[in-house]
Structure formats: C-alpha cells, structure tokens
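An overview of the molecular structure
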Amino acid sequence: MIKRILTLAWLLAVSLSVFAVEKQHVYVAHKWENNTLSIRTQEGSYVINAVASDIIKVAFQNEKLKADKTFAPILKSVIASQFSENSSELIFSTDAIRLVIDKGNVELSVEDKNEQLLSDDFHFFMRGDTVGFQSELKPNERIYGTGARALPLNRRGYRFQCYNQANYGYGMGKDFLNYSIPHIMSSEKYMFLFDNPARGWFDIGKRNANEMEFGTLGGNTVCYIITGESYKKMVSRYVDLTGHQPMVPIWALGNLQSRFGYRTQTEAEEMVEDMQAAGYPMDAIILDLYWFGEELEDGKMGQLSWDKKNWPKPKKMIKNFRKKGVKTITISEPFFTKKSKNFKYLDENKLLATDKDGNTLTMPNFYFGDGGLIDIFKPEARDWFWNEYEKQKAYGVAGWWGDLGEPEIHPDTMMHVAGSARELHGVYGHEWASLLFNKTQQNYPEERIFSMGRAGFAGSQRYGLIPWSGDVSRSWSGLEAQMPVMLSMGVSGLAYMHSDAGGFAGGTKTPELYKRWLQFAVFTPVFRPHSDPNAEPEPIHYSKEVQNIVKRYIELRYRLLPYNYTLAWEVTAKGLPMARPLFMEYEDDVHLADEMSTYMWGPSFLVAPIVKPGVTSKSIYLPKGVWFNYQNGVRLKGGRVIVQKVTNEDIPVFVKAGAFVPYAPLVKSTDDYSTQQLEMHYYADKSVTDSKYQLYSDDGKLNNSWKQGKYQLIDFVATNSKGQLKIDIAKSIGVYEGMPHEREITFIIHNVNTAPKQVTVGGRDVESAWDNKRKELKVKVTLDQKQNLRVNY
C-alpha cells in the first residue's frame, strides 16, 4: 500500500491585516477535464496537473490572486494522469505521485511510491498583500537551496529575504546576496519550486522550529513539487523542468583575467604582454566600466561606446589580443545616467522603466549618478539594447559581463511594461540573460554564448548565464563564504557560480590570502581573478614565491581541461553541477549532511580549501572508501577524520580510488588545446573492482555540437581482480572539426606496488615503465576505435 507522505492543507484567505486569521477552505465542487483537476472552494480555485510523472504543478487563484504566468519552467505541456473519487476524497495520480484531497476541509496529501515521508502539512495562505505557504518539517529534516547565501548549506533555523540584492564587501554569515532562488531541496527527497519572482522571504524553522514558510508581496501563486530517489536525480529533474545550461565555449574554462579596472588601452595591452611574457596561460581579458568613460561617480554609465581618449584603437587592440589567444569581454549595466549620451533617446522613446503615471522614474541617489533603468521587459527596449551589443560584436568582443542586474536599485513603485518592480524584481536579470541568449541564437546560431551576470532567477541557466558571487570582501571570511554560495547554487541548477578570485572589496594586498583563493579557484567552474584598485589581481604583481605557486596551479587548470570540459558537458547533458556537496555523492554517510569545508570537484576530486591564515594542518573527514593524496600519492582509508599536513605550496586535494583523471599537454591558450595526446591517470586499488569513465570532446566552439552529433565520447572501463587489471577503451561514433583520428594516450596507473609480470595492449606485449618510488606504472596506448590494456601482477 502506498504510504501517505506529504499532507498539503490548502488554506487561503483575504484579509485587511497581515495578522489576519487564515480561513479553512470549504469545498464547493470539482471538475476533471483534460488531465487537470480543478477544485472550487468558497475562497478560490485550485488547479492541479502534471508536467511529468514526478513533477506536479499546483496553482491557486481567485479574483484578487492570479496564477497565470510561467517564469522558470520550460515543461508546460500537461501529461496524461489519472483521477478517481469516493465519498470523501478526490484522488489525482501519475506513475510516480498520488495526491489525495479530503473533500471535507480540502486538505491535500502527496504520496510517492517509495514511501518516503516528505512533510506532514503544507498550505498556501494570503494575509493582506502577503501570499505564501507553510510546511511542517520533520525533526531531522534538512533544507538546502534558496540561492546564493553565505550560510551553512542546511538553511534550517534561518529566516532571510528572497530578493536579489547586492551586499558590498560581504563575508561569511551574510544571509542575502545578489542571487536568490525560490527553490528548496529537502533531505526527505522532495523539492519545491515557487514560480514567483516577487519580493519575498523564507523562514525555515526560525520562528517555529518545525515549520517552513515562504511568502511574497503578491505575485504568481504557482508551486511545482518534484520528487526523486536521490539528490542527483532530483537536481537532474529540476534542470529538466527549468532548462539545461548550453555548453560554454571551451575558453571559458581557461584563465580569465579581470580587474576594476583597466583604465586605458595601453594599460590593458601591457598587462596581456606582461602576463604572457611571464609564461602564464591566459584566455581572456575582461574590461570594467572604464572602457566607456573615465569617470566613476556621477559619470557616464550607459554610454556603451568606446572612450576614444583612453581607448583610441579598440578594434585593433581586440584583434591583436585575439591573435595571442586572448578574447575580450566588456561590461555593461542596465542603468543609464543622465550624463550618458543614450539617456535622452531612451527617455523620449519610453524605453526606461516608469512611475505609475508613465514618466521615466529616475534615481538621484544611485551611486553612479542620477539616471534610469532600461525596461528589459519591453520588446522595443530589448531591441535597442541588443543593437548596442551588436556594435561591440563588430569590434570583435567575444563575451558579455552584465553587472548590477539585480537590479541594484529597483524601487517597488517602479513600473515595467509587464508589471511592477515589486512583482518582477527577481526575474529582471533572468530577462536580461534571455535577451542576450535569444538574440545570439537568432543572429549567430553556431556561436556559443559567454554571458556573465550577477543576478537571475530559477532557470536562468538555460540562457547560458554564468553567475558570480558579487562584491565579496578581500578577507578570509569572504573566501570561506564561497563554498556555500557555489554549492547551494549548484543544487538549484546554476552550475557556473564562481567568485572574484583573490577577493574584491576592501582590505589590503595579502599574499597568503591571494594564493589560497587562487588555489581554490582552480577547482571552481570559472577561474577569474578580479579586484578593486586596492590590490592587484594579476599574479605578476606578487613575489616570486607566490608566483611560482599560483603559476603551477593555473597550469594545472589548463592540464585538467579534458576533465573539466567533460564536467561542462555533464552540466549541459545531465544537469549535474561541477562542484558538488559531498552529500550528493555520499548520501548514506551521515557525517556529510552539513559538510561544506570540503566538496567534490566532479566525481573524482575531493577539495579542502584553506580559508584561515597560518594553517599548518587541517582535520578532514574522508568519505567511506579509499582515497589518494593528490600531491604525494599516499593511500588513505576513508570513513574517518584525518589530520592532513598543510604546506604553503598546496591545498589538500584527494582522488577517489578507481578514478580516471585525464590530462592534456600544457597550452598557453585553449586555442591550442587538443585531445590528440592525453595522459590518463588511473587510481587502482583492490577495494574497487569495477570503475568507468566517459571523456567528452568536441571543437569547443560550435553551438549545440553535442545535439548535432558533432562530438565524441571515449569510454574507459576498468576491471581489477584476480591479479589482473583490465582497461577497455572505446570511442563513440561522431565527427567534429579538428577531431584527432588517432590518439596517443599515456596511462599512469597509480598504486602499483610491484613490477608487473606482463603488460599487453591489444593482446601484444608492450614496454612499460614502473616507478618503484612512486608506485606508478606508465604505459603508452594508441587509440583508433577500440583498444584494451592488460596488466598482470
């Protein structure tokens, strides 16, 4: 018998006071039509249907409350479902979920076929202008998600706003940042997505330890319920609901050098020249707002054209950068100050957001100067804005950096063509991302977009948005905050969250902090050093000792391109984040439920960033199984806490037994990247008898290459038993421009404690080299379509 696992008591009332007592719904009638169950009560109507067997949509509406919009989801078609009833209940069901509604008080229970308890009570409410829901929490239930916050991963016990808002110079403990997402994931294996971008808040067991509450000031009263047997399954299904991230250009995984800011063409050119002369790999330079004006406060934000005084020949500069493998990214903002050349035109043509009377609403207290905000919801404004981007495309600009997109100032009284700022605030950055993505698709259909933004909504990943964590303080607290920010965004579909490596705001130049931050950043989705003028972000401005360490890590970032690019493909194809909380990989290990001082970089690496000064050792819990110290190869048994010595040169990193880790030859830019020669490290251990890995490759630039079949997967399957290690290799069918027809793969097999008796490739004896000190075996393999490697001990 299916167990009842989630009780939803839908209670909705309209009141003149936010403290009004909520009324219980009184059933009036119901209708089953077109796979949709509509339940009419005296207070309004419920509409229930399914967009997938494991995703149910529930909406409530009445004369004052509408649920007629769709912001985050892309799954909109109603699927076949079943309905039945008896004298006391209405029953809605799919193959995976069953909803039972009590006719007496219109209470709703949700059941799945795994008999896992989700919650005991969940209900919508309305108190004056506040619309929301309440849900009872189980005693040991943990709640993850809710967007970027410098809080523990488990958000239970906290109350905070669900409202995109900048928090300048933040560190650990700040509960609101630039990017909120009205989405939670429960340890009881369910998710809620509230498709409502209005000003809102979460209370997750703060006021009442056993109750979770989400509320907004009006908006769209629609909730999606997602269930799954594992965290990975739920995250994947959530991304199916809200859209998959398109593949990034491979250069996005390189070294993207930025600062606030390069003030002149000469300064930018000298930086690129000096970085490359010092031997640093580099793939992009990012230009902050000085490219369009030298003033900052009360300046010309919104100018969006090159300041020819300081940038006399930008097209030539960008072309020369490109010849060196360096792409150019420029910043833009949605604000237009009155001093900018564009304000008058935008104002006269009603392309800026307005007051209630339809007049441009200006903001005299805006830091960058009195001005207006473009109405990103208005088609004419979107067309005008895109035309400005097109002008920069003609100069050779390769990617976009959208700043202040919360928006940073957005009065509730401001009006957009689609509604009020109060109702639409959370989706402003989302619409900006959609503009850039859709126009790029229309005008450059074969090009992958690079679009970095500070804010968005649930589902913004489908528009290629690459978020960063805002103006973090240049402090140890700021560094520590990046783990929960990055990991929480990943479980809500935003897999490319990253930070201003080295820290952005305030503080002084601190070599130890800079070094530790960049070591960590190598194992994050985007590597992008950036800072304010108080400390240089480029490694060339640090001591030789610091440079030697940082350069080695940046080079490691480039050597790991095959591994990282495969992670990028998993983001696109499977919806899985690159950086993963340990509980996603080890769900049954209770020690990892709240762990955020370490995380998984893909399936193979456990990373333990150093987030305090002067650390010489660190206590680290290794999950169950066998692990290898990445730096020295020492074998370690998991399921316990180890005390790891910490050196100045490295942060602790461990590799899981049975892992395949591919490397490519070092290049100075991803322009020169190829998989023709690979080094494949395999971490053999008797505790792992079977393991497998897929390596993804394509040309790194063609949009939707993997959907067009213009890619290749190489499967590696290892079997380790009875004194023999077998590794079978096979390529999938697929062709892409520049694809190697034959690959030279050098296998480095770790934890080989004795010289092998025999090594064969394709059934023939081959030469191999065994390193007794490092306990490593090196074997070269030529791969055409299929090949096999055998090691007999």
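Coordinates for the structure precede this section.
Our subject in this report is the structure included herewith. (Residues numbered from 1 in each chain as written. Predicted model: local features only at pLDDT ≥ 70, side-chain atom pairs only at ≥ 80, totals over all residues. Heavy atoms only, no water.)

Sheets are built from strands that pair by backbone hydrogen bonding, the pairs being arranged parallel or antiparallel. Taken in spatial order, the 6 strands make up an open sheet running E39-E40-E41-E47-E43-E44, and their pairing is antiparallel. The strands lining the two open edges of the sheet, one partner per strand, are strand E39 (690-697) and strand E44 (764-765). (Pairing = 2+ DSSP bridges. Helix = DSSP H or I, 4+ residues; strand = E, 2+ residues; numbered from the N terminus.)

Now for the packing of helix H10 (residues 544-559) against helix H11 (residues 561-574). Where H10 contacts H11, the axes come no closer than 5 Å and their chain directions differ by 60°. Between H10 and H11, the angle falls in the class oblique. Packed against H10, whose contacting residues are Arg 557, Tyr 558 and Arg 559, the element H11 presents Leu 561, Pro 562 and Asn 564 at the interface. A class-by-class count of the residues in the contact of H10 with H11 yields 3 nonpolar, 1 polar and 2 charged. (Axes fitted to C-alpha atoms, helices over the stretch in contact; angles between N-to-C directions. Parallel < 35°, antiparallel > 145°, perpendicular 65-115°, else oblique. Contact = heavy atoms within 4.5 Å. Nonpolar A, V, L, I, M, F, W, Y, C, P; charged D, E, K, R; others polar.)

The subject of this paragraph is H11. Its 14 residues place the ends of H11 19 Å apart at the C-alpha level, agreeing with the 20 Å of an ideal helix rising 1.5 Å per residue. In terms of residue burial, H11 counts as a mostly covered element, since 12 of its 14 residues are buried. Among the residues of H11, those classed as buried are Leu 561, Pro 562, Tyr 563, Asn 564, Tyr 565, Thr 566, Leu 567, Ala 568, Trp 569, Glu 570, Val 571 and Thr 572. (Expected span 1.5 Å × (residues − 1). Buried < 20%, exposed > 50% of the residue type's maximum accessible area, 1.4 Å probe, protein only.)

Attention now goes to the layout of surface pockets. The volume enclosed by the largest pocket comes to roughly 750 Å³. What lines the largest pocket is a set of 29 residues, among which Trp 251, Arg 322, Asp 699, Gly 700 and Lys 701 lie closest to the centre. Every element with two or more residues in the lining of the largest pocket is listed here: helix H3 (314-323) and strand E21 (327-332). Of the residues contributing to the lining of the largest pocket, the split by class is 10 nonpolar, 8 polar and 11 charged. (1 Å grid on protein atoms, 1.4 Å probe; cavity = no way out; pocket = protein on both sides within 12 Å on 5 of 7 lines; lining within 4 Å. Points joined across faces, edges and corners; volume = space filled by probe spheres on them.)

What follows concerns the sheet that holds strand E38 (residues 677-683). Spatial strand order, E37-E38-E42-E46-E45: 5 strands in an open sheet with mixed pairing. Looking along the sheet, the strands with just one partner apiece sit at the ends: strand E37 (660-663) and strand E45 (769-771). Strand-to-strand, the axes of this sheet are offset by a mean angle of 25°, without reference to chain direction. Pairing geometry for E45 and strand E46 (residues 776-783), over 3 bridges, is antiparallel. Of the residues in E46, the one forming a bridge with Asp 771 is Glu 776.

Moving on: the packing of aromatic side chains. Inspection of the entire model under this criterion finds 50 aromatic pairs. Seen in terms of ring centroids, Tyr 190 and Phe 192 are 4.9 Å apart; in terms of plane orientation they differ by 55°. Their pairing is tilted. A residue is classified by how much of its surface remains accessible, and Tyr 190, at 0% relative accessible area, is buried. An aromatic cluster is present here, built from Phe 133, Phe 160, Tyr 190, Phe 192, Phe 194, Phe 202 and Phe 214 joined pairwise through their rings. Seen from the ring of Tyr 290, Arg 263 lies directly overhead, with NZ or CZ sitting 4.2 Å from the centre. (Phe/Tyr/Trp six-rings, centres within 6.5 Å; stacked < 30°, edge-to-face > 60°. Lys NZ or Arg CZ within 6 Å of the ring centre and 35° of its normal.)

Position of His 244 relative to the elements: it lies in the loop between helix H1 (231-242) and strand E19 (256-259). For His 244, the contacting residues outside a window of four places in its chain are Val 239, Gln 461, Arg 462, Val 571, Thr 572, Ala 573, Lys 574 and Gly 575. Only 2.7 Å separates the side chain of His 244 from the side chain of Asp 240, close enough to count as a polar contact. A distance of 2.8 Å separates a polar atom in the side chain of His 244 from the backbone oxygen of Thr 572. (Polar contact = N/O pair within 3.5 Å; in protein donor to acceptor, adjacent residues only side chain to side chain.)

Going through the model one piece at a time under the given rule, you end up with 42 salt bridges. Here Glu 587 makes a salt bridge to Lys 189, at a shortest N to O gap of 3.4 Å. Taken as a pair, Glu 587 in the loop between helix H12 (582-585) and strand E30 (599-601) and Lys 189 in the loop between strand E14 (180-186) and strand E15 (190-194) lie far apart in primary sequence, 398 residues in all. Judged by its relative accessible area of 11%, Lys 189 falls in the buried class. A salt bridge links Arg 199 to Asp 412; its shortest N-O distance comes to 3.2 Å. With a gap of 213 residues between them, Arg 199 in the loop between E15 and strand E16 (200-204) and Asp 412 in the loop between strand E24 (399-402) and strand E25 (415-416) connect regions that are remote in the sequence. Several salt bridges share partner residues, and in doing so they unite Asp 403, Glu 406, Glu 408, Arg 454 and Asp 471 into one network. (Salt bridge = Lys/Arg side-chain N within 4 Å of Asp/Glu carboxyl O.)

A word on the pairing of strand E5 (residues 55-61). Each regular strand shows side chains that alternate between the opposite faces of the sheet. Of all 7 residues making up E5, 5 are buried, and the element is well covered by its neighbours. Relative to E5, strand E4 (residues 45-52) is paired through 7 bridges, and the arrangement is antiparallel. Looking at the pairing, Tyr 46 lines up with Phe 60 of E5. Remark: 2 residues form the turn of the hairpin made by E4 and E5, two consecutive strands paired antiparallel. The sheet contact formed by E5 and strand E18 (residues 222-227) spans 5 bridges and is antiparallel. Looking at the pairing, Lys 57 lines up with Tyr 224 of E18.

Treat this as a map of the structure, not an account of what it does.
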